[in-house]
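# Structural features, examined
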Amino acid sequence: MSSSKKEWTIDETHKLISDYENNPCLWNPKDIKYKDKLARGEAVRQLAVSFNTSECEIQRKLYGLRNQHAGETRKEKITRTGQGADEMYKSKWIYFESLKFLSTEGNVGRKL
């Protein structure tokens, strides 16, 4: 497995997001396995094998996706509360809609 930074294609990133959503122990604090480090580690290992990369690279990519999504969500909330309807911020980030599952109440700002 590679220890260097992987170049992710758009399709690979969409697949990673889909697989991430299907592993709620990695992102949903209400999931019974969320606090189980072994279960979370195994989920990351399976993703690493699936994408032929290291666990560190999977964690790095998920961290970046979560942070970008949180920033885009924050921008939307700021314009919702502080601006007129004609000035609403609408994210154009390609993965924003795919990561909407992270925006459910209680999930924003959670760590991997």
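Right above here is the structure, for reference.
Predicted model, so just to flag it, every value in this text is computed and none were measured.

## Details of the packing of aromatic side chains
Across all of its chains, the model carries four aromatic pairs by this definition. Between W8 and F51 the ring centres are 5.5 Å apart and the planes differ by 50°, which places this aromatic pair in the tilted class. One end of the pair, W8, is in the segment before helix 1 (10-21); the other, F51, is in the loop between helix 2 (37-50) and helix 3 (55-82), and 43 residues separate them in sequence. Accessibility classification places W8 together with F51 in one group, the buried group. An angle of 85° between the planes, with centres 5.7 Å apart, marks the rings of W93 and Y95 as edge-to-face. The class for Y95 is buried, based on a relative accessible area of 10%. Every member of this aromatic cluster is reached through a ring pair, and the members are Y20, W27 and F101. One residue, R40, lies across the ring of Y34, its end atom 4.7 Å from the ring centre.

What counts, and where the lines are drawn
Residues numbered from 1 in each chain as written. Predicted model: local features only at pLDDT ≥ 70, side-chain atom pairs only at ≥ 80, totals over all residues. Heavy atoms only, no water. Phe/Tyr/Trp six-rings, centres within 6.5 Å; stacked < 30°, edge-to-face > 60°. Helix = DSSP H or I, 4+ residues; strand = E, 2+ residues; numbered from the N terminus. Buried < 20%, exposed > 50% of the residue type's maximum accessible area, 1.4 Å probe, protein only. Lys NZ or Arg CZ within 6 Å of the ring centre and 35° of its normal.

Any functional reading would require information beyond the geometric quantities listed.
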